Amino acid sequence: MSRKKVVVITGGAGFLGSHLCDRFIEDGNRVICIDNLITGSMKNISHLMGNKDFEFIKHDISREVQLAGPVDYILHFASPASPVDYLNYPIPTLKVGSLGAHNTLGLAKLKKATYLVASTSEVYGDPQVHPQKETYWGHVNPVGPRGVYDEAKRFSEAITMAYRTYHKINTKIVRIFNTYGPRMRIKDGRVVPNFIYQVLHGEPLTVYGNGKQTRSFCFYSDLIEGIVRLLYSELSGPVNIGNPDEFTILEFARMVIAASGSKSKIVFKPLPKDDPKQRRPHIGLARKHLKWSPKVKLAEGLGITMDWFSRNLDRDKESAAIREAVEQVALVS
Ligand code: UDP
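As the structure is a computational prediction, the values presented were derived from the model and not from experiment. (Residues numbered from 1 in each chain as written. Predicted model: local features only at pLDDT ≥ 70, side-chain atom pairs only at ≥ 80, totals over all residues. Heavy atoms only, no water.)

## Here we look at the overall build of the protein chain
The test is simple: Helix and strand definitions here come from DSSP, where helices need a minimum of 4 consecutive H or I residues and strands a minimum of 2 consecutive E residues; each element is numbered from the N-terminal end. For the radius of gyration, the atoms used are the C-alpha atoms, and the globule rule reads 2.2 Å times the number of residues raised to 0.38. Only protein chains enter the calculation, and the probe is 1.4 Å; a residue is then buried if its accessible area is under 20% of its type maximum, exposed if over 50%, and partly exposed in between. Contacts between residues were defined by any pair of non-hydrogen atoms, one from each residue, lying within 4.5 Å.
On a plain count of helices and strands, the protein chain comes out with 10 helices and 13 strands. For the protein chain, whose C-alpha radius of gyration is 19 Å, the value lies close to the compact-globule estimate of 20 Å for 333 residues. With the principal axes as the frame, the protein chain shows a C-alpha extent of 60 × 45 × 40 Å. For the protein chain, the proportion of its 333 residues judged to be buried stands at 54%. Taking the intrachain contacts of the protein chain between residues at least 6 apart in sequence as the baseline, contacts between residues at least 24 apart amount to 80%.

This is the structure:
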């Protein structure tokens, strides 16, 4: 009998990482989930604990990692990902995109594993080309507040390409556009959880700037499918995976109010520095080579996400307690 494939997922206790853990377990693989839990949560993976094919390692991937046994695939997803988080953790964000990418690429080289790195639409910065194709080099302010994330991800892409050409490892780069769904932290500061939290609490929705800036929101299940297809494809990327349906933030706020039936009002707050004015993926590459396109419309995905949040409002408090417990175990072991 052939052995199960081993998939290492960094950031595996995060929003997207935990959905990837689920998917690779469901598909019959062994999963090693590595997370330092600064923005990830044990709650996202608690249902997998005890599964003989699932292993959780609490570790900061910015530090060297050693794993026994074979590894077939490595997906580097560890990083704070919301603007609020990466402003709170600027140095860990830079380290996980640089040292974390270096460590995981080193592991891929040693184990002869296929490597996939989570990059982002943020590599396009405040884009001057619209929609954004993979061939666009971007418009990033390296010394602005978002630079810690944008430049870390740009470095991740560069070092991934260097390992591909110099060490001949099989690599893939996915550029992820605004993704949402169950397991986002309600207080992570991004627009989807913020607006949902606000309507659920009857608070006004905080639109930054005049709300004319645009985003294109992708439901997590579509994104996961795109990533899995990329991993098993011949394509190395970078490949955009996102939903090209584009909305202004003001339109989105009205949509959230309408979907919830809430009487919340809209208030306008200052626009954060360097906030991109427009963002929409060009997905021709994924359509053609991965036969992938998003299936879930925003109205449908939003309904599922709101329903999930309304049932899980206390979840983040509980997971902080679990995180403390895990940290204590890590300290004594
Ligand atoms: N935004 C907003 N109100 C909020 C949170 C965010 O108007 O309470 C805006 C933000 O300024 C940006 C867009 O929504 O233009 C998306 O922000 P998010 O933090 O979700 O992610 P980004 O795409 O900027 O990384």
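Following the structure, the description resumes.
## Focus on the site of the ligand
Heads up, the rule is: Only heavy atoms are used to decide nearness, and a residue is near a molecule or strand if one of them lies within 4 Å of it. Nitrogen and oxygen atoms within 3.5 Å of one another constitute a polar contact, given that in protein one can donate a hydrogen and the other can accept it, and given that sequence-neighbouring residues count only through two side-chain atoms. Accessible surface area values rest on a Shrake-Rupley calculation with a 1.4 Å probe, where residue burial reflects the displayed protein chains alone. Gly counts as polar in this scheme, as do all residues outside two lists: the nonpolar Ala, Val, Leu, Ile, Met, Phe, Trp, Tyr, Cys and Pro, and the charged Asp, Glu, Lys and Arg.
Around the ligand, a shell composed of 18 residues is seen, among which T206, Y208, R215, D275 and R279 lie nearest. Separating an oxygen atom of the ligand from a backbone N or O atom of Y208 is a distance of 2.8 Å. In isolation the ligand exposes 520 Å². Once the protein is present, 96% of that is buried. Of all elements in the fold, only α5 (191–200) and β8 (205–208) reach the threshold of two or more residues within the shell around the ligand. The residue makeup of the shell around the ligand, split by class, is 7 nonpolar, 5 polar and 6 charged.

## Side note on the confidence of the model for the protein chain
Worth spelling out the cut-off: On a scale of 0 to 100, pLDDT captures the predictor's confidence in every residue.
Averaged over all residues, the pLDDT of the protein chain is 94; the fraction at 70 or higher stands at 95%. Segment residues 325–333: pLDDT under 50, and 6 contacts once partners within four positions in sequence are set aside and those in other chains are kept.

## Looking at the pairing of strand β6 (residues 171–176)
For clarity, the cut-off: Note: two strands are recorded as paired if DSSP finds a minimum of 2 bridges between them. Call a crossover right-handed when, viewed with both strands pointing away from you, the route from the first strand across the helix to the second goes clockwise.
The buried fraction of β6 amounts to 6 of the 6 residues, a majority that puts the element mostly inside the structure. Residues T171, I173 and R175 point to one face of β6 and K172, V174 and I176 to the other, with burial holding for every one of them. Note that strand β5 (residues 114–120) and β6 share 6 bridges and pair parallel. For L116, the partnering residue across the bridge sits in β6 and is K172. Since β5 and β6 lie parallel, the crossover through helix α4 (residues 147–167) that links them has a hand, and here it is right-handed. Pairing analysis gives 3 bridges linking β6 to strand β11 (residues 239–241), with the strands arranged parallel. The residue of β11 that forms the bridge with V174 is V239.

## Regarding helix α1 (residues 15–26)
Here is the rule: Under the convention used throughout, the expected extent of a helix is 1.5 Å for every residue step, that is, one less than its residue count.
With 12 residues, α1 extends 17 Å between its outermost C-alpha atoms, agreeing within 8% with the 16 Å of an ideal straight helix rising 1.5 Å per residue. For α1, a buried count of 11 out of 12 residues is recorded, marking the element as mostly surrounded by other parts of the structure. One or two residues past the end of α1 sits G28, with phi positive at roughly 90°.

## Focus: the pattern of salt bridges
The condition that has to hold: Throughout this description, the term salt bridge denotes a Lys or Arg side-chain nitrogen within 4 Å of a carboxyl oxygen of Asp or Glu.
Evaluation of the coordinates by the stated rule reveals 21 salt bridges. Its salt-bridge partner being R154, residue E151 comes within 3.8 Å of it at the nearest N-O pair. With E151 and R154 both in helix α4 and 3 residues apart, the pair spans about one turn of that helix. When its relative accessible area of 26% is taken as the criterion, E151 is described as partly exposed.

## A look at the nonpolar core
Here is the rule: Here, nonpolar core means buried Ala, Val, Leu, Ile, Met, Phe, Trp, Tyr and Cys residues that are tied together by side-chain atoms lying within 4.5 Å of each other.
In terms of nonpolar packing, the biggest core is built from 64 residues, with F24, F54, L75, F77 and I227 touching the most fellow members. For this core, the leading source of residues is helix α6 (residues 220–231), giving 7 residues. The next biggest cluster of nonpolar side chains, apart from the first, holds 22 residues, and it includes I74, A101, I159 and I173.

## Here we look at the packing of α5 against helix α7 (residues 249–260)
Defined as follows: With axes taken as lines fitted to C-alpha atoms, and helix axes fitted only over the stretch in contact, angles between N-to-C directions fall between 0 and 180 degrees. Each angle receives one of four descriptions, namely roughly parallel if under 35 degrees, roughly antiparallel if over 145, roughly perpendicular if within 65 to 115, and oblique otherwise. Left-handed describes a crossing whose near helix is turned anticlockwise from the far helix by less than a right angle; the clockwise case is right-handed.
Two elements in contact, α5 and α7, have axes separated by 10 Å at closest approach and are oriented at 40°. It follows from the interaxial angle that α5 and α7 lie oblique. As α5 runs across α7, the sense of the crossing is right-handed. Residues V191, V192, F195, I196 and V199 of α5 touch α7, and the partners they reach there are I249, F252, A253, V256, I257 and S260. Of the residues that constitute the contact of α5 with α7, the class distribution is 10 nonpolar, 1 polar and no charged.

## Some remarks on the packing of aromatic side chains
For clarity, the threshold we go by: In summary, the pairing rule links any two rings of Phe, Tyr or Trp, Trp by its six-membered ring, whose centres are within 6.5 Å, and it sorts them by plane angle into stacked for under 30 degrees, edge-to-face for over 60 and tilted for everything else.
Tallied over the entire structure, the rule returns 10 aromatic pairs. With centroids separated by 6.1 Å and ring planes inclined at 40°, the aromatic side chains of Y124 and F177 adopt a geometry described as tilted. Taken together, the positions of Y124 in the loop between β5 and α4 and F177 in the loop between β6 and β7 (179–180) put the pair 53 residues apart, joining distant regions of the chain. As far as the burial class goes, Y124 and F177 line up, both buried. Look at W308 and F309: their rings are 5.2 Å apart centre to centre, the planes differ by 70°, and that puts the pair in the edge-to-face class. By relative accessible area, which is 12% here, W308 ends up buried. By relative accessible area, which is 1% here, F309 ends up buried.

## Section: unusual backbone geometry
In this chain, H130 is followed by P131 through a cis amide linkage whose omega measures -10°. With respect to the helices and strands, the residue P131 is situated in the loop between β5 and α4. Located in the positive-phi region is K112, a residue other than glycine, with phi close to 55°. Note on placement: K112 falls in the loop between α3 (90–111) and β5. Given the relative accessible area of 74%, K112 is considered exposed. Its identity as a non-glycine residue notwithstanding, D274 has a phi of 65°, on the positive side. Residue placement: D274 occurs in the loop between β13 (266–269) and α8 (284–290). Residue classification places D274 among the partly exposed residues on the basis of a relative accessible area of 29%.

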